Amino acid sequence: LPLCFPEKLWKILESDQFQSIWWSEGGKCVAINKDLFEVEVLGRGVCQRVFNTQHIRSVIRQLNLYGFTKVQRDFQRSASLPEFLSEETAASAHSQILYYYNPSFNRAHPWLLGTCRRR
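Before going into details, it helps to say that this report is about the structure given with it. What you see is a predicted model; the values in this text were computed from it and never measured.

**Some thoughts on the sheet that holds strand β3 (residues 69-70)**
Line of reasoning, step 1. Ordered in space as β1-β2-β4-β3, the four strands form an open sheet in which the pairing is antiparallel. The open sheet terminates on both sides in strands that have one partner only, identified here as β1 (21-24) and β3.
Line of reasoning, step 2. Bridging between β1 and strand β2 (residues 29-33) involves four bridges; their strand directions are antiparallel. Bridge assignment links Trp-22 to a residue of β2, and that residue is Ala-31.
Line of reasoning, step 3. Sheet contacts for helix α1 (residues 5-14): β1 and β2; angle to β1, the most-contacted strand, approximately 90°.

This is how it looks when you write it as structure tokens:
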């Protein structure tokens, strides 16, 4: 039987093959390095493809359909210009990382995976 989207997502998160997607927030959120994910996961050949798409928009659409919500990261900014500029650079690199949360998708509670249903 083919795996549904949450099962595929879980499988690649638990795999050590991919550097572009990982558990964050102690296993409660999915973190995706957007640019690297497009190359590493979505850029694979037809025979090795994990998802039936080559577009990050389609993966994000699936996340939304399965009840994942995007988590925003807020950064405190420094008052001094040099610190502010270095934080801006870090925040820019950090903006390539997308965070998604679903209460039924938790590394510590794999049995909840069965409750991840498409809306």
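Still more ground to cover, so stick around.
**Things to note about unusual backbone geometry**
Peptide bonds are, in most cases, trans, and in most cases residues other than glycine have a negative phi.
Line of reasoning, step 1. Here Glu-25, not a glycine, exhibits a phi torsion of approximately 55°, which is positive.
Line of reasoning, step 2. Judged by its relative accessible area of 45%, Glu-25 is partly exposed.

Conventions used here
- Residues numbered from 1 in each chain as written.
- Predicted model: local features only at pLDDT ≥ 70, side-chain atom pairs only at ≥ 80, totals over all residues.
- Heavy atoms only, no water.
- Pairing = 2+ DSSP bridges.
- Helix = DSSP H or I, 4+ residues; strand = E, 2+ residues; numbered from the N terminus.
- Contact = heavy atoms within 4.5 Å.
- Axes fitted to C-alpha atoms, helices over the stretch in contact; angles between N-to-C directions.
- Buried < 20%, exposed > 50% of the residue type's maximum accessible area, 1.4 Å probe, protein only.

In short, geometric facts, not functional conclusions.
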